[in-house]
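Below, each chain spelled out in residue letters.
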Amino acid sequence: RKEVEQDPGPFNVPEGATVAFNCTYSNSASQSFFWYRQDCRKEPKLLMSVYSSGNEDGRFTAQLNRASQYISLLIRDSKLSDSATYLCVVNFQNLYNQGGKLIFGQGTELSVKP
Amino acid sequence: EAGVAQSPRYKIIEKRQSVAFWCNPISGHATLYWYQQILGQGPKLLIQFQNNGVVDDSQLPKDRFSAERLKGVDSTLKIQPAKLEDSAVYLCASTKDRGVEKLFFGSGTQLSVL
């Protein structure tokens, strides 16, 4: 099983659509979770952190389900500028690396069409 | 504030040749990461440094890859000898400390092995 696994893409949606991305992780000891965005030929950038209670930032909502080891990202009212690859990131901690290491999923590509 | 600097931006070599990448993290950032990103995949962690010590190198192919961060500041990643499957973007990232959520990435080095 992959450490962090995301929905395979690509997702092709019209402007204004709502789209949801899912991610599962294997390490039940993980404490920190994030969504990063990566534009074509650019480096990844932090989009938002994912908190246990769920969190919202404008059109973006992130949810965490620890019992199922599952994270989601919902984008409402999609814009053309949302077209990018969305990467699920989990901080894996263990006895040898107590600060953790940030493990990326394979990414889900989103293409928003006019 | 200056960002993470990487060089070179592009490198083309033939298989079995050697190559080295350089990274200068943001001033004061103790944790430095090297990621490998193959086209269409998420970044894969190769090695994580805390100051000048290695915290995690479990995914580094040690028969051909090596990395160092001698003075706890800048870092080099070397491949010797290169294989075709090493073609990828090599991303350097830094954070103030372990467990900090926001990775600051450099622009990456795109390596093509022919």
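In the block above lies the structure referred to throughout.
Draft legend 1. Structural view of the packing of aromatic side chains. For the structure on display, the rule yields ten aromatic pairs over all chains. An angle of 70° between the planes, with centres 5.2 Å apart, marks the rings of Phe-11 of chain A and Phe-21 of chain A as edge-to-face. With Phe-11 of chain A in strand E2 (residues 11-14) and Phe-21 of chain A in strand E3 (residues 19-25), this residue pair connects regions lying ten residues apart in the sequence. With centroids separated by 4.8 Å and ring planes inclined at 45°, the aromatic side chains of Tyr-25 of chain A and Phe-33 of chain A adopt a geometry described as tilted. The pair Tyr-25 of chain A / Phe-33 of chain A is uniform in exposure class, with both members buried. Ring pairs connect the aromatic residues Tyr-36 and Phe-104 of chain A together with Tyr-33, Tyr-35 and Phe-105 of chain B, which therefore count as one cluster. Positioned over the ring face of Tyr-10 of chain B is Arg-9 of chain B, at 5.2 Å from the centre of the ring.

Draft legend 2. Quick look at the sheet that holds strand E1 (residues 4-6) of chain A. Residue and element names in this part refer to chain A. One open sheet holds the five strands; their spatial order is E1-E3-E8-E7-E6, and the pairing between them is antiparallel. Each of the sheet's edge strands pairs with one partner strand only, and the pair in question is E1 and strand E6 (55-57). Neighbouring strand axes in the sheet, compared pairwise and without regard to direction, differ in orientation by 15° on average. Direction of pairing for E3 relative to strand E8 (residues 70-75): antiparallel, over a ladder of six bridges. Bridged to Val-19 within E8 is Ile-75.

Draft legend 3. Broad picture of the side chain of Ser-30 of chain A. Residue and element names in this part refer to chain A. Tracing the chain through its elements places Ser-30 in the loop between E3 and strand E4 (32-38). Of note is the side chain of Ser-30, whose polar atom sits 3.0 Å from the backbone oxygen of Asn-27. If we skip the residues at most four places from it in the chain, Ser-30 touches Tyr-25, Arg-66, Val-90, Asn-91 and Phe-92.

Draft legend 4. Spatial organisation of the environment of Leu-64 of chain A. Residue and element names in this part refer to chain A. Topologically, Leu-64 is positioned in strand E7 (residues 60-65). Among the residues examined, Leu-64 registers a relative accessible area of 11% and is labelled buried. Sequence spacing of Leu-64 and Ser-49 is 15 residues, and the spatial spacing of their C-alpha atoms is 10 Å. Setting aside residues up to four positions removed in sequence, Leu-64 forms contacts with Tyr-25, Phe-33, Val-50, Tyr-51, Ser-52, Tyr-70 and Ile-71.

Draft legend 5. Quick peek at the pairing of strand E6 (residues 53-56) of chain B. All names here are of chain B. Pairing between strand E5 (residues 44-50) and E6: three bridges, direction antiparallel. Residue pairing across strands places Gln-48 opposite Asp-56, the latter belonging to E6. The loop that links E5 with its antiparallel partner E6 comprises two residues; one of these, Asn-51, has a positive phi angle of about 55°.

Draft legend 6. Structural context of unusual backbone geometry. All names here are of chain B. Residue Pro-8 is reached from Ser-7 by a cis peptide bond, and omega for that bond is -5°. Among the structural elements, Pro-8 can be located in the loop between strand E1 (5-7) and strand E2 (10-13). The amide bond that connects Gln-80 to the next residue, Pro-81, takes the cis arrangement and shows omega of -5°. Unlike most non-glycine residues, Asn-51 shows phi in positive territory, near 55°. Along the polypeptide, Asn-51 turns up in the loop between E5 and E6.

Conventions used here
Residues numbered from 1 in each chain as written. Chains lettered and ligands numbered in written order. Predicted model: local features only at pLDDT ≥ 70, side-chain atom pairs only at ≥ 80, totals over all residues. Heavy atoms only, no water. Phe/Tyr/Trp six-rings, centres within 6.5 Å; stacked < 30°, edge-to-face > 60°. Helix = DSSP H or I, 4+ residues; strand = E, 2+ residues; numbered from the N terminus. Buried < 20%, exposed > 50% of the residue type's maximum accessible area, 1.4 Å probe, protein only. Lys NZ or Arg CZ within 6 Å of the ring centre and 35° of its normal. Pairing = 2+ DSSP bridges. Axes fitted to C-alpha atoms, helices over the stretch in contact; angles between N-to-C directions. Polar contact = N/O pair within 3.5 Å; in protein donor to acceptor, adjacent residues only side chain to side chain. Contact = heavy atoms within 4.5 Å.

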